[in-house]
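Now for the letters of each chain:
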Amino acid sequence: MITDRVQRLKDRFLSVKPNITPERLLLITEAYKKYSGEPRHLFRGKTLAYVLDNLSITIHDEELIVGVPTYSLRGALLFPEYTSTDWLMEEIPEFPTREMDQIDVTEEDKKIILDCLESFWEGKAIEDILYDILPEDTMAMYDNSIIDLGQTNTISGEIVPDYKTLLSKGLRGYIEDCEDRIRTGAADTLEAQEKLDFWRACIIICEAVIRFANRYAEKALELAEKESDMTRKAELLEIASNCRNVPENPPRGFYEALQFVWFIHLVYHIEGPTTACSFGRFDQVLFPYMQMDMDAGAFDEDKSQEILECFFLKCGEVIEVRDKYYSKGFAGFPMWAIIMVGGLGMDGEDATNKLSYMCLTAGADVRTAQPVLAMRISDKTPDDLFRQASEMIQAGMAQPGLFNDDVNMKIIRSKGGTEEEALNWNVVGCTQPQYGGGSSDCFPDAGYVNYAKCLEFVLHRGIDPMTGLELGLDTGDPCEFTTKEEIIEACKKQIIFLHEKLVEASRIIQIEQAKRLPAIYSSLAIGGCIESGKSVQEGGAKHSSAGLFSTGTANLADSIVAIEYAVFKDKVITMEDLIKVLDNDFKDNERIRQYLINVPPKFGNDDPYVDSINSEICNYVAETVQGWKDARGGHYDYTLMSQSMNVPQGEDTGATPDGRHAGDALNDNASPMMGRDISGPTATVKSVASLKPENFYAGALFNLRFDPKSVEGDKGIDTIENVVRTFFREGGQHIQINVVDDATLRAAQENPEEYRGLVVRVAGYLAYFTELDKHVQDALIARTAHGGC
Amino acid sequence: MGHTALIGDIQKFSTQDGPGIRTTVFLKGCPLNCAWCHNPEMIKPDQQMIISPSRCIGCMACVEACPEGGITVTDEGPSIDFSSCRACGECHAVCFSKAITPVAREMTVDEVMEKVLQDRNFYENSGGGVTISGGELLLHYEFASELIRACEKEGIGVCLDTSGYGDTGQLMDLAGQAKVNHVLYDIKHMDDEEHKKLTGVGNLQILENLRALAADENTRKKIWIRMPLISGINDSDEEIHAAADLMCELGLSRVSLLGYHEMGIAKARNTGADYTRFEAPSAERMDEINKYLEGRGLDSEISGIGS
């Protein structure tokens, strides 16, 4: 049961629109002027320390967990060292009214921001620098939704830190560790010298974070003195005591542990524009501190639940500012702050504990888009935990996302993880499995390749029909093709070509990030960085990897089979005419479009013929690209994941032979094309499992939508569990389920005011449906809602 | 081996026709003609065409293709002169938008099993299996028998969904098979005359068959009564009491109440059949009936997609 306090905090949160303040922009500008000329590690350390030392300190009414990025609630920070002034100056005036992910900014602040950007930052952001040096053809591909390049204006290294070690040592422990290394370290080469700089920078930042927390302690004391309500006064005094102790020292109980984790998490979002900083195996890492309370006889379950829910609400307070395009590709302000519960322990037995259940309860109570709950499922998962999760899903909460322990552990082993790292596996990013224990830096988003566009290249001999630019390969005259195998081969060539271009660019991005913006604070608690004296950008992590994403994979497989049926088999149209029909977006050819939609089989219906083509292509690409090395010697992780990039990439893609109209969204993630899976959910999950997700180092994201009527009552809970268990038994890696009917979504479109709390799954994350733009809303409604009979 | 039948549909993820996640196989042809039938396109034993007007794009290909000249197309979609239609399928072959399709497909047991086996893991995890429905499966005794044996060979449990109208020996044989776990058995009306008026056949044979099933310890346990309830037709106290009396007398326990729904009407219209619109009992009345049956010691539930 949600307490009155948590309800009020939530209502306050939802009543406020995301907004930006000039606070960090002004501070980082001062810091850049002050420390200009310092070597890069120290520069990074000192500028972050300067921002932390000067950020305003705000404790909102009734809060139990404290720490905010800026003074206004849901306020976002600006990162001019990452984000190009070009688009910021152009788009900030439109932020409050733009179609998608609107952001408020006051007139006064707008002027301050624009003046500051104009006077100092033009051309200085890494985004500007990269756009100048990236190859011209790659940039043209990027500009036209053929590929998407990741981390061009965000911090490289979205992470799950080693919270276990952080909590056990406190930041003081890290400072001492670095001091030891500096004492004994040599300084006789440039490389050795840079290690010393790295450790010095770590110390500078840790001290600054400790000061930051102590300023919260002072603020709490100040408020306590003025407070007349004795209960709140006591709370503020406790907050002060917490902030004095953590994150400098190990927490003395569960409450302090949560405050510790929040400070650490918050500062990731002050160091750089970042997302997907997750909490890892939250129940495993934090339970010992709850146990500490229990052992001391001080455990109060209701109080702990309330503090946990206050922590959950804090997670929505950090927001990343994105431009117009990415506000569609990553719709709904996703931050991918994932809390993982359940799963196997180091002994191979189920490790569920009391906190696992409490986290699910907290998610069900607060029902906010952040954090995102994820749950590991094995054969040993307790029935009551699974049931609690299924009840949440049945009630339409769209979480937790469910992960198959067995397949994810296999993935970790196959990409070189130890048995311990496999047992302790965790999600980094959205749904991508990574080595457990905080030793993996993931450069999660090297970029996305548009697979539907690859077919357009095949059909137009390397010319992009939308722009007329020759950006693909000439794979021969398609009118000479007589078998589907020839089309498949040509598509594979185009796909690999685009992946090569993408990877070439991603290496340049990685190198520039390492040269200019090593993220010292984000590297601090990643296993391997302190030991090696290097940031994650410089390859300091024990495991480095970069994610390669794919969009429109189902459209491609469906289209290849559609061409085979229409042109080679039934001969209802010639290849030449088909290409013309596609170029005209089926104008005056609806009959052919109906043939293409209804006659050839489609992915998602447990039809091995088309499913195996999807699987063949994806597995071929995975096998090829996963052998490549990134600029740091890390490997590339392939994944069937589009986020909501299927919407903007679809907008720039012409009509496809599967009957999809030009500009329509492509299929989302690993799921079938919207509306084409018409054989029920059992068929859909089997098709997705047949893609063999265990072969993809970063998995395969799968969205399934049920009509609420089909999963009603106790039998409905059983049905959800059975579908999930069977999907996992068939080899599924991840599944997330929306239980919501069309009528509700349409009503929410019509009357957003009444539905502002309606949370839906977009991709690996949750978003408020009414805050999504209409195109993304429509794509969600178009997902097949599976009913039963 | 090698029997074929006209199969209307093989419905996966069927969660209302027996326990767990099931695949329901619909056999075409039924000796009854219930006025409220929700699968009216499955009544005739022969192939027929069905139209989906909203899918029509007005391309007129069907008009040209029909050898009888029996199709017209308007803004409201295609219309077939069903009196002259021989279900030759020429229209379907050229209708790419699937606005005209055959109701059923002739399949062998092996072909049906291929579909059934795709969801085997779902049955195992959920305690589900195959439901044989219709139409009326007793019209397809040989085929149903072979299908049950094929399921048995694969270790898949079977539910029979029957009106109970057919040969007693055949019903006893099918229901007695080891892998048949449940026999979903309809009680539509307790009065013979009324039954005849509403369904085209009297209920004497049906009740006699029910008694035969109940007389055998093995098959009695499998009986799962289903009562389609239509307001003003078979939901009176008198009716419900009579049905309850019978169930108690025969030592039956499990009963599902299925409120009338209108989903059959469009299908009747789209196959050129007559139809009558009925009303479902109110939710309160359904509850009342359910409580009454529970009070009689029966394991009763309200199920189905209802109203």
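Everything numeric in this text was worked out from a predicted model, so none of it was measured.

Participant: Explain the overall build of chain B to me, please; I cannot follow it from the model alone.
Facilitator: When its secondary structure is counted, chain B shows 12 helices and 13 strands. A compact globule built from 307 residues would reach a C-alpha radius of gyration of about 19 Å, and chain B, at 20 Å, matches this within 12%. With respect to the three principal axes, the spread of C-alpha positions in chain B is 60 × 45 × 35 Å. Counting the 307 residues in chain B, one finds 46% classified as buried. Taking all contacts inside chain B whose residues are at least 6 apart in sequence as the whole, residues at least 24 apart take part in 72%.

Participant: Help me out: how do you make sense of the overall build of chain A in this one?
Facilitator: For chain A, the helix and strand inventory stands at 31 helices and 16 strands. What you see for chain A is a C-alpha radius of gyration of 26 Å, in line with the 28 Å of a compact globule of 789 residues. Of all 789 residues assigned to chain A, the portion counted as buried reaches 60%. Look at the contacts in chain A between residues 6 or more apart in sequence, and 78% of them connect residues 24 or more apart.

Participant: Is there a simple way to think about the confidence of the model for chain B in this case?
Facilitator: The predicted coordinates of low-pLDDT regions are not to be read in fine detail. Across chain B, the average pLDDT comes to 94, with 98% of residues at or above 70. Among the scores for the predicted complex, ipTM is 0.94 and pTM is 0.93.

Participant: Help me understand the sheet that holds strand 1 (residues 4–14) of chain B, please; the structure alone is not making it clear to me.
Facilitator: What links the strands of a sheet is backbone hydrogen bonding, and the strands pair in either a parallel or an antiparallel sense. Residue and element names in this part refer to chain B. Pairing in this open sheet of nine strands is mixed, and the strands run 7-1-2-8-9-10-11-12-13 from one edge to the other. Only two strands of the sheet have a single partner each, and these edge strands are strand 7 (105–108) and strand 13 (299–303). Averaged over all adjacent pairs, the angle separating strand axes in this sheet is 30 degrees, with direction ignored. Here four bridges tie strand 1 to strand 7, and the two strands are oriented antiparallel to one another. Counterpart to Ala5 in the pairing with strand 7 is Met107.

Participant: I tried to follow the sheet that holds strand 11 (residues 635–639) of chain A on my own but got confused; where do I start?
Facilitator: Residues and elements named next belong to chain A. Ordered in space as 3-9-10-11, the four strands form an open sheet in which the pairing is mixed. At either margin of the open sheet sits one strand with a lone partner, and together these are strand 3 (147–149) and strand 11. Going across the sheet, the axis of each strand differs from the next one's by a mean of 30 degrees, ignoring polarity. Looking at chain direction, strand 3 and strand 9 (residues 440–450) are connected through three bridges and run antiparallel. By the bridge assignment, Asp148 is partnered in strand 9 with Tyr448. Docked against the sheet, helix 19 (residues 451–459) engages strand 9 and strand 10 (543–551), running at close to 40 degrees with respect to strand 9.

Participant: Sorry, what's going on with helix 5 (residues 141–154) of chain B here?
Facilitator: Every α-helix winds through 3.6 residues per turn, so residues three or four apart in the chain are directed the same way. All names here are of chain B. Over its 14 residues, helix 5 extends 20 Å from the first C-alpha to the last, a length consistent with the 20 Å expected when each residue adds 1.5 Å. Burial in helix 5 covers these residues: Phe143, Ala144, Glu146, Leu147, Ile148, Ala150 and Cys151. Gly155 sits one or two positions beyond helix 5 and adopts a positive phi of about 75 degrees.

Participant: What exactly am I supposed to notice about the interface of chain B and chain A here?
Facilitator: Often, the extent of an interface is quoted as the loss of accessible area upon association of its parts. Listed as interface residues are 19 residues of chain B and, on the opposing side, 26 residues of chain A. Listed by contribution, the elements that provide at least two residues to the side of chain B that touches chain A are strand 1 and helix 4 (120–126) of chain B. Looking at side-chain class alone, the side of chain B that touches chain A contains seven nonpolar, nine polar and three charged residues.

Participant: Just checking my understanding: could you explain the environment of Gly2(B) for this structure?
Facilitator: Residue and element names in this part refer to chain B. Mapped onto the secondary structure, Gly2 falls in the segment before strand 1. Residue Gly2 is classed as exposed on the basis of its 7 C-beta neighbours within 10 Å. It is 7.9 Å that separates the C-alpha atoms of Gly2 and Asp110, two residues lying 108 residues apart in sequence.

Participant: Quick question: what am I supposed to make of the pairing of strand 6 (residues 401–404) of chain A here?
Facilitator: For a regular strand, side-chain orientation follows a simple rule: the groups alternate between the two sheet faces. Residues and elements named next belong to chain A. Burial of the side chains of strand 6 extends over both faces: Gly401 and Phe403 are buried on one face and Leu402 and Asn404 on the other. Once you follow strand 5 (residues 372–377) into helix 16 (residues 383–394) and on to strand 6, the crossover reads as right-handed. Alignment of strand 6 against strand 13 (residues 734–739), held across two bridges, turns out to be antiparallel. Looking at strand 13, one finds that Phe403 is bridged to His734.

Participant: I'm lost on unusual backbone geometry in this one. Help?
Facilitator: Backbone phi values are negative for most residues with the exception of glycine, while trans is the configuration of most peptide bonds. The linkage connecting Gln370(A) with the following residue, Pro371(A), adopts the cis geometry, with an omega of -5 degrees. A positive phi angle is found at Lys692(A), which is not glycine, with a value near 65 degrees. With respect to the element layout, Lys692(A) can be found in the loop between helix 28 (681–689) and strand 12 (703–706). Within the chain, Met60(B) stands out as a residue other than glycine whose phi angle is a positive 70 degrees. Along the chain, the position of Met60(B) falls in the loop between strand 3 (49–51) and helix 1 (61–65).

Participant: Explain the nonpolar core to me, please; I cannot follow it from the model alone.
Facilitator: Across soluble globular proteins, nonpolar side chains show a tendency to be buried alongside one another. All names here are of chain A. Membership of the largest hydrophobic core comes to 332 residues, with the highest contact counts inside it found for Cys202, Ile205 and Val209. In terms of residues, this core owes the most to one element, helix 9 (residues 190–226), which gives 14 residues. Residues within four places of Cys202 in sequence aside, it is in contact with Tyr174, Cys178, Ile520, Leu524 and Ile530.

Participant: What am I meant to see in helix 6 (residues 168–176) of chain B here?
Facilitator: All of the buried residues along helix 6 of chain B are Leu171(B), Leu174(B) and Ala175(B). Viewed along the axis of helix 6 of chain B, the buried residues span an arc of 95 degrees, placing them on a single side of the element.

Participant: Just to check I follow, could you spell out the pairing of strand 12 (residues 254–259) of chain B for this structure?
Facilitator: Residue and element names in this part refer to chain B. Burial analysis of strand 12 places five of its six residues in the buried class, which makes it a mostly covered element. The pairing of strand 11 (residues 223–229) with strand 12 spans six bridges and is classified as parallel. Counterpart to Trp224 in the pairing with strand 12 is Arg254. Handedness of the crossover joining strand 11 and strand 12 through helix 10 (residues 237–250) is recorded here as right-handed. Sheet topology note: the strand 12/strand 13 ladder contains five bridges and is parallel. From the neighbouring strand, Ser256 faces strand 13, where its bridge partner is Glu301.

Participant: Would you mind showing me how to read the packing of helix 20 (residues 484–516) of chain A against helix 23 (residues 553–569) of chain A here?
Facilitator: Each pair of packed helices gets described by two things: the angle between the helix axes and the distance between those axes. Residue and element names in this part refer to chain A. It is the contact of helix 20 with helix 23, at a shortest axis distance of 9 Å, that shows an interaxial angle of 150 degrees. Relative to helix 23, the element helix 20 lies roughly antiparallel. As for how helix 20 packs across helix 23, the hand of that crossing is right-handed. Side by side, helix 20 and helix 23 meet where Lys484, Ile487, Ile488 and Cys491 of the first sit next to Leu556, Ile560, Ile563 and Glu564 of the second. Broken down by class, the residue content of the contact of helix 20 with helix 23 amounts to six nonpolar, no polar and two charged.

Participant: Whenever I open this one, the environment of Gly731(A) confuses me. Can you help?
Facilitator: All names here are of chain A. By secondary structure assignment, the location of Gly731 is in the loop between helix 29 (713–729) and strand 13. A count of 20 C-beta atoms within 10 Å places Gly731 in the buried class. For the pair formed by Gly731 and Lys580, sequence separation is 151 residues and the distance between their alpha carbons is 40 Å. Excluding residues within four positions of it along the chain, Gly731 makes contact with Val407, Ala689, Lys692, Pro693 and Glu694.

Participant: Can you walk me through the environment of Gln394(A) in this structure?
Facilitator: All names here are of chain A. In this structure, Gln394 sits in helix 16. Look at Gln394 and you get buried, because 21 C-beta atoms sit within 10 Å. A sequence separation of 160 residues divides Gln394 from Ala234, and the C-alpha atoms of the two residues are 40 Å apart. Those residues in contact with Gln394 that lie beyond four places of it in its chain are Val711, Gly716, Ile717, Ile720 and Val739.

What counts, and at which threshold
- Residues numbered from 1 in each chain as written.
- Chains lettered and ligands numbered in written order.
- Predicted model: local features only at pLDDT ≥ 70, side-chain atom pairs only at ≥ 80, totals over all residues.
- Helix = DSSP H or I, 4+ residues; strand = E, 2+ residues; numbered from the N terminus.
- Rg over C-alpha atoms; globule rule 2.2 N^0.38 Å.
- Buried ≥ 20, exposed ≤ 12 C-beta atoms within 10 Å, placed from the backbone.
- Contact = placed C-beta atoms within 7 Å.
- pLDDT = per-residue confidence, 0-100.
- Pairing = 2+ DSSP bridges.
- Axes fitted to C-alpha atoms, helices over the stretch in contact; angles between N-to-C directions.
- Expected span 1.5 Å × (residues − 1).
- Nonpolar A, V, L, I, M, F, W, Y, C, P; charged D, E, K, R; others polar.
- Right-handed = clockwise from strand over helix to strand, strands pointing away.
- Core = buried A, V, L, I, M, F, W, Y, C linked by C-beta atoms within 7 Å.
- Arc of directions from axis to C-beta.
- Parallel < 35°, antiparallel > 145°, perpendicular 65-115°, else oblique.
- Left-handed = near helix turned anticlockwise from the far one by under 90°.

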